[in-house]
Every structure is written in C-alpha cells, then in structure tokens.
Amino acid sequence: MSKPRVASIGECMLELSVPAAGPGANDLRMGFGGDTLNTAIYLARLGVACDYVSALGDDHFSEWMLSRWREEGVGTALVEQVPGRLPGLYAIETDDSGERRFNYWRREAPARQVFEDAQRVEQIERSLLDYDLVYLSGISLSLYGENGRERLFGMLGRLRERGLKIGFDGNYRPKGWPQSETCREAFSRACALADIVLPTFEDEQALFGDASPRDTLARIANGGAAEIVLKQGARGCLVALGTSVSEVPAEAVAKPLDTTAAGDSFNAGYLAGRLHGKSPEAAALQGHRLAAQVIQCRGAILPPGQMPRFED
C-alpha cells in the first residue's frame, strides 16, 4: 500500500534562538522554523509522504534549509526559489516556564508571494491533484494578502471538489493580522472549506471571544466542519464528529522545557493517525504523546532518536 500524501502550505524562516537572559556574544543559535514545516517534518517521520509548498531565495541559507528538509524526508519540488531574494528571519526568546516571544523580519520574504501569480497557482493546483490532504494554518493565511488568499481559497475549493481533504489549524498570531475582522473572516472561510479543523481554544477565544470550548466547537461546526479537534494544552483536547464530542487527556509533563511546536507536532500525530486509519481518539492520543515529548526538548524538532514509537 502506498503512503498517504500530504502537501503542507506555508513559510519556513531562519530562526535565531535567544536565551531568556538576553543575547550574548556566543549565545545565539541559528536554525529554522515554521509551523506548517514543523508539521511536515513530523508527518514525514510518521510515515506520511509530505511535500512543502512555499518559496525561498537562491542564497546559501535557502539552499541549507532545502537540504535539511530533504534529509528529513520532506519533498521540496513545490518550493519555488526566487532569484535575488532572502528567506524571512525571526528571533525566539523562551522564558523559565517554556513560553515563547517572537520578533520577525519577514516583509520581503518570497513565501509571501506564492499565491500572487495566477499562473503559479494553476501549476501548484495541478501538482496537488494526486494528494490525499492539503494542510495549512492561520499563519499561512496571514502571509498572502487579500488577492493571494482569494486565489488560495479558490484553489482549495476546487481541490476539495476533486476529493482531496483539507486540514486547517487556526494558530492565531495577532502580529500577523492588523485587522482582527479580516482574520475572523479568513479563519471562518478556511474552517468552512476544511474537512479536519485543529484549533487551539486559547487562540480561538482571543480572536472570536468564545466563552467556552463547547462554544468554539459549536461555532466551527455551524460553519460546516465535520471533524474538529480542539486543543487545550495540558487539559488535552476535545474531538467532535457531528454531534459526538469526546475528551482525550494529554500526557502529563511535570515541567515543559520549551513549548515550541507543541501544537504543530500534535497536528502531525493526529493527521498521521487518521491517514493511517486510526480512530479520532487513538489519533489524538498519538498527537498528545508526540507533543509531550517535543515540549521536553529545546526547539521545534526532536532529534530523530528521541521520537516516540507508535504502533501501526
């Protein structure tokens, strides 16, 4: 049986890791990160054929990232390299409780223009026809501007009509959305297009003002989503299919070291489980187990030897 195929859409940037006490001469570490790229890497490690849809420059930093993604098994044929351009950059600071603060330099990043050209969008759409699922996030949506989002939504709608599934994680970051109403409209459209919605209650409450997790589930379900997995951090998640809602507890972690990619890795564990035929509850347990391991290590991506093992 062939592996399920996923295309993950978004942006990966260069990452500077800054100690909580502030940067020193020898304390900065260079890496890379991006929510949908993190999910793509974990999907590949979990036996899902995953390709990344994005754009980078033709500089040596871009080449380094592409090489690393390929080493992880993530396909890069759908990553455009734009001559003379550089990838985005961000610095991440982590406090003593493992929480993060981000600073971005990304306005001119080529990933922001992926859906600006109609011909390029047609090429991407044709390439995705043989995939099983297309995955994106609210951060993906924040990149493209009104015209780019319209082309993206149009593409997703046509792909869904051809039988592809759509997965969406809101992953709300206020800095990416100067107008919150624009964000609410974009998220609502994405949820209506999606077959699997993977929001976080804290984000949804901040954006939509939901009074409770059940209110979040009801709002998204009313928009048409059939499968909703509402993440609640250490409290686990709620899995809703139609009118059925089940609670799946998270694995206990005494003291998280770094919560970077907790949601991204959970999403990968859940989607991989579902694509491999697991029940929603079993897939959620797989997502929790992976996320619990990720938050006990520094950075978004676990060393391969620290990946938990899962039964088929």
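I will try to describe carefully the structure that is included in this document. What you see is a predicted model, and the numbers here were worked out from it, not measured in a lab.

## So, the overall build of the chain
Check the secondary structure of the chain and you find ten helices and 13 strands. Viewed in the frame of its principal axes, the chain has a C-alpha envelope of about 50 × 50 × 45 Å. Of the roughly 14,200 Å² of accessible surface on the chain, a fraction of 48% belongs to carbon and sulfur atoms. Seen as two clouds, the 34 positive and the 42 negative side-chain charges of the chain have centres 1 Å apart.

## Considerations on helix α10 (residues 280-294)
Its 15 residues give α10 an end-to-end C-alpha distance of 21 Å, which sits within 8% of 21 Å, the value for a rise of 1.5 Å per residue. Restricting attention to buried positions, one finds in α10 the residues P280, A283, A284, Q286, G287, H288, L290, A291, A292 and V294. Residues of α10 that are buried sit in contact with α1 (35-45), β11 (227-231), β12 (237-241), β13 (244-248) and α9 (262-275).

## Thoughts on the pairing of strand β1 (residues 5-9)
Most of β1 sits inside the fold, with four of its five residues counted as buried. The sheet contact formed by β1 and strand β4 (residues 49-57) spans five bridges and is parallel. Residue pairing for β4: I9 is matched across the bridge by V53. Here β1 pairs with strand β8 (residues 133-137) via three bridges, running parallel. By the bridge assignment, S8 is partnered in β8 with Y135.

## Quick notes on the environment of V253
For V253, the position within the fold is in the loop between β13 and α9. For the pair formed by V253 and Q293, sequence separation is 40 residues and the distance between their alpha carbons is 8.6 Å. Beyond its immediate stretch of four places on either side in the chain, V253 contacts A292, I295 and Q296.

## Here we look at the environment of A282
With respect to the helices, strands and loops of the structure, A282 is situated in helix α10. Classification of A282 as partly exposed rests on a relative accessible area of 32%. For the pair A282 and Y270, spaced twelve residues apart in sequence, the C-alpha separation works out to 8.3 Å.

## Notes on the pairing of β4
Within β4, eight of the nine residues are buried, which leaves the element mostly enclosed by the surrounding structure. Direction of pairing for β4 relative to strand β5 (residues 79-82): parallel, over a ladder of four bridges. Across the sheet, residue L56 finds its bridge partner in β5, namely Q81.

## Describing unusual backbone geometry
Phi at N171 is positive, roughly 45°, even though this residue is not glycine. Along the polypeptide, N171 turns up in the loop between β9 (165-169) and α6 (180-193). Taking the relative accessible area as the measure of exposure, N171 reaches 7% and is therefore buried.

## Regarding the pattern of salt bridges
In the structure shown here, the tally under the stated rule is 14 salt bridges. The shortest N-O distance in the salt bridge between R106 and E11 comes to 2.6 Å. Residue R106 is found in the loop between β7 (100-105) and α3 (118-127), and its partner E11 is found in the loop between β1 and β2 (13-18); the two are separated by 95 residues along the sequence. Here the two residues R106 and E11 agree in accessibility, since each one is buried.

## Details of the sheet that holds β4
Within the open sheet, the nine strands sit side by side as β5-β4-β1-β8-β9-β10-β11-β12-β13. Their pairing is mixed. Each edge of the open sheet is held by one strand with a lone partner, namely β5 and β13. In this sheet, β13 lies alongside β12 in antiparallel orientation, the contact comprising five bridges. Each bridged residue has a counterpart across the sheet, and for C237 the counterpart in β13 is V248.

The rules behind each value
- Residues numbered from 1 in each chain as written.
- Predicted model: local features only at pLDDT ≥ 70, side-chain atom pairs only at ≥ 80, totals over all residues.
- Heavy atoms only, no water.
- Helix = DSSP H or I, 4+ residues; strand = E, 2+ residues; numbered from the N terminus.
- Areas by Shrake-Rupley, 256 points an atom, 1.4 Å probe, with all protein chains shown as cover.
- Lys, Arg positive; Asp, Glu negative; His and termini not counted.
- Charge placed at Lys NZ, Arg CZ, Asp CG, Glu CD.
- Expected span 1.5 Å × (residues − 1).
- Buried < 20%, exposed > 50% of the residue type's maximum accessible area, 1.4 Å probe, protein only.
- Contact = heavy atoms within 4.5 Å.
- Pairing = 2+ DSSP bridges.
- Salt bridge = Lys/Arg side-chain N within 4 Å of Asp/Glu carboxyl O.

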